[in-house]
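Residue-level listing of the chains:
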Amino acid sequence: MRKWVLSGILASEETYLGQLEALLLPMKPLKAAATTSQPVLTVTQIETIFFKVAELYEIHKEFYDGLLPRVQQWNHQQRVGDLFQRLNLKVRSSKECKDHTVKMCPPPLQDLLKHTPPSHPDHPLLQDALRISQNFLSSINEEITPRRQSMTVKKGEHRQLLKDSFMVELVEGARKLRHVFLFTDLLLCAKLKKMTGGKSQQYDCKWYIPLADLAFQNVDESDSCPIPQVPDEDIDAMKIKISQIKNEIQREKANKGGKLVERLRKKLCEQESLLLLTSPCMAFRVHNRNGKSYTFLISSDYERAEWREAIREQQKKRECLAVAPCCECLLTVCVFFPCSDDESPGLYGFLNVIVHSASGLKQSLNLYCTLEVDSFGYFVNKAKTRVYRDTTEPNWNEEFEIELEGSQTLRLLCYEKCYNKSKLNREDGENSDRIVAKSQIQLDPQALPGKDWQRTVVSMNGIEVKLSMKFTSREFSLKRMPSRKQTGVFGVKISTVTKRERSKVPYIVRQCVEEVERRGMEEVGIYRVSGVATDIQALKVAFDANDKDVSVMMSEMDVNAIAGTLKLYFRELPEPLFTDELYPSFAGGIALSDSVAKESCMLNLLLSLPEPNLVTFLFLLDHLKRVAENESVNKMSLHNLATVFGPTLLRPSEKDSKIPANPTLPISMGDSWSLEVMSQVQVLLYFLQLETIPTPDSKRQSILFSTEV
């Protein structure tokens, strides 16, 4: 009979139902064979039968791929129903896939159940398989929010989407934009297909890892592949473009320009996707114990910790399901776009944050906190408290001044400092310290502006951290205010200070540069990471009072406070180092397209600066170049340094500023301001990139003399 059945299949002369009935006949003895001496089908014969079933009903190749290993591992304790219960059957036509509509009753299971006697051991199993498939397929057709679809995999178990995010995957040294989905039993990586002609968006599954087989790869175990870097100036240009588009959208909304708004939103989405692809540089590695490893690039330790925690929590919660997924079914209802719906420009200005204390720790730790803020969705570490050692109640009371650039979110991370190298957490990170708790705060544009401090308590993992915040918008924070007291150094013209000190470079500049070069050249984020505001203010008072112990104070403070003091000095000059008079000429010179004309113009303008300004700038310029020589360690490139110091050294005083004066837009960045900041950065970057600056003999003598003072 078995030979007759197989020959009938190959002949393909019978009707559709006749073939199915013929296929079912040899399956009946399988269970009986487990307890009797009755001969059973060979693996090859079983494989042929199921392959024909898949062919008849146009079941997706994944069905066969998932079935074949199980048939090859057949044992006498298994039943036919076990196989169907362990598989996700996908029986949709291409049109049904497009319309997100699925047949409610898979024909193979219905017909198998119809021709299986109720007394047969496979009957209840096939009933379960039919119920499972019906529930799964109906869940796709339900008009519910797709982000949390639940689909039944086994009786009492559900596959649910827990977390998803757009990430950058490193593939053979190239950046690839991916959408990563975390389900209850697997991690799936997909690519969003490019669609034309108004077709709906679809995904292409690249790979997936069952959570039972997923591990985080240690840095020491992985083949270190260099991360391709995108020039900082390109990233800044994208940010400015995004800011300009957002401002255009706001204007067109006010003018009710519907069609133009839609076009602008499309451009915004393209720019945000490009920024997302190019900006992340922190590695996040996952490994399939049965296969290869994969590397993602993300922007912050916070995001990396979130993914690890979500995966580990699910791995510990229960035994992960070992069901081969129907990837297309999972992704059909999971179409999202890598661009934000929020078109608000965010906050621009300075956020003062005081990290007061923490409570709720169950054991003594060496604890410190870091603060991250976003800039167009890309998070950057901006501040770090000192390490409070061996305590359950750290009491920092440290204030930080953080510059905001289109920011909407403040992130707080608490770390345990690891001094014992044998206990370092080396998984995937350059930061070997352990994250104890983390949380984030939305920066409300309506609630934050004001002169008063706002206190808040951030709860996370049973730990409570007390913070105070105060925001100053860019219109007010960047005003150059001359000091009423001309006896100090802050807010006093540089010519007045150098004349009083009988020096070419102000004492405060020389002292700060010396201290940074002594112990801050390898500090990650030097000049970008904020120092403690109270320390900076203490140094400001000491320098203004000409305190003889200021050098001792500096040696006892965090080097970021020293760097912050130097930045504050230049920011509070009543006139920029490049002078109000020459600033428009510098802005015009950097825009010249002819390189020879640009060099001649820029150098002539530079040498036209007053002598104290020129000598101080060249002294600072040499220092910043030396800082950038350690970029591989401190992560501060010439462009990063130009971004930090450009507006500080060139921004004109209030009367010459181009900051929009519209009081109804206190937190938005106007187009003119975007271009102005970019111009200031480019001017400083131009001089940083020059190998040498030729000067006339008269100037050369002054410069040589000044560096010895």
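Note that the structure is predicted; figures quoted are calculated from it, not measured.

1. Considerations on the sheet that holds strand E16 (residues 454-460)
Strand order in the open sheet made by the 4 strands is E13-E9-E17-E16, with antiparallel pairing throughout. Single-partner strands in this sheet number two, and they are strand E13 (395-407) and E16. Adjacent strand axes in the sheet meet at a mean angle of 30° when their direction is disregarded. Summarising the sheet, strand E9 (residues 347-359) and E13 pair through 10 bridges and their orientation is antiparallel.

2. Here's the deal with helix H10 (residues 232-254)
Counted at 1.5 Å a residue, the expected span for H10 with its 23 residues is 33 Å, and the 34 Å between its end C-alpha atoms agrees. For H10, the full list of buried residues reads Ile235, Asp236, Met238, Lys239, Ile240, Ile242, Ser243, Gln244, Ile245, Lys246, Asn247 and Ile249. Immediately downstream of H10, the backbone of lysine 256 shows phi near 60°, a positive value.

3. Side note on helix H20 (residues 583-590)
Among the residues of H20, those classed as buried are Tyr583, Phe586, Gly589 and Ile590. Viewed end-on, H20 has its buried residues packed into an arc of 125°, placing them on one side of the element.

4. Here we look at the packing of helix H16 (residues 507-519) against helix H19 (residues 559-571)
For the pair H16 and H19, interaxial distance at closest approach is 9 Å and the crossing angle is 150°. By the angle between their directions, the pair H16 and H19 is classed as roughly antiparallel. Like other packed secondary-structure pairs, H16 and H19 cross with a definite hand, here left-handed. Here H16 contributes Ile508, Val509, Cys512, Val513, Glu515, Val516 and Arg519 to the contact with H19, which in turn contributes Val559, Ile562, Ala563, Thr565, Leu566, Tyr569 and Phe570. Taken together, the residues of the contact of H16 with H19 sort by class into 11 nonpolar, 1 polar and 2 charged.

5. Side note on the packing of aromatic side chains
Under the definition given, this model contains 17 aromatic pairs. With a centroid separation of 5.0 Å and 70° between ring planes, the pair formed by tyrosine 527 and phenylalanine 645 is classed as edge-to-face. Remark: phenylalanine 645 occurs in helix H24 (residues 638-650) and tyrosine 527 occurs in the loop between H16 and helix H17 (533-544); sequence separation between them is 118 residues. Here phenylalanine 645 falls in the buried class, since its relative accessible area comes to 0%. On the basis of an interplanar angle of 80° and a centroid distance of 4.9 Å, the ring pair of phenylalanine 578 and phenylalanine 617 is categorised as edge-to-face.

6. With respect to the nonpolar core
Grouped together as the largest cluster of nonpolar side chains are 69 residues, with contacts concentrated most on Tyr527, Phe570, Phe586, Phe617, Leu649 and Phe687. For this core, the element with the highest residue contribution is helix H22 (residues 611-628), accounting for 10 residues. Every residue in contact with leucine 649, bar those within four places of it in the chain, is listed here: Arg480, Phe570, Pro576, Leu577, Phe578, Phe617, Leu620 and Leu684. Ranked by size, the runner-up nonpolar core spans 32 residues in total, among them Cys369, Leu371, Phe400 and Leu410.

7. Remarks on the confidence of the model for the protein chain
Scored by pLDDT, the protein chain comes out at a mean of 75, with 65% of its residues at no less than 70. Counted against residues more than four places away or in other chains, residues 56-68, with its pLDDT under 50, gives 31 contacts. Here residues 422-430 scores under 50 on pLDDT; set against residues more than four positions off or in separate chains, the count is 26 contacts.

8. Notes on unusual backbone geometry
For glutamate 172, which is not glycine, the phi dihedral falls at a positive 50°. Residue classification places glutamate 172 among the exposed residues on the basis of a relative accessible area of 82%. We note that asparagine 546 has phi near 55°; this positive angle belongs to a residue other than glycine. When its relative accessible area of 60% is taken as the criterion, asparagine 546 is described as exposed.

Rules used in this analysis
Residues numbered from 1 in each chain as written. Predicted model: local features only at pLDDT ≥ 70, side-chain atom pairs only at ≥ 80, totals over all residues. Heavy atoms only, no water. Pairing = 2+ DSSP bridges. Helix = DSSP H or I, 4+ residues; strand = E, 2+ residues; numbered from the N terminus. Axes fitted to C-alpha atoms, helices over the stretch in contact; angles between N-to-C directions. Expected span 1.5 Å × (residues − 1). Buried < 20%, exposed > 50% of the residue type's maximum accessible area, 1.4 Å probe, protein only. Arc of directions from axis to C-beta. Parallel < 35°, antiparallel > 145°, perpendicular 65-115°, else oblique. Left-handed = near helix turned anticlockwise from the far one by under 90°. Contact = heavy atoms within 4.5 Å. Nonpolar A, V, L, I, M, F, W, Y, C, P; charged D, E, K, R; others polar. Phe/Tyr/Trp six-rings, centres within 6.5 Å; stacked < 30°, edge-to-face > 60°. Core = buried A, V, L, I, M, F, W, Y, C linked by side-chain atoms within 4.5 Å. pLDDT = per-residue confidence, 0-100.

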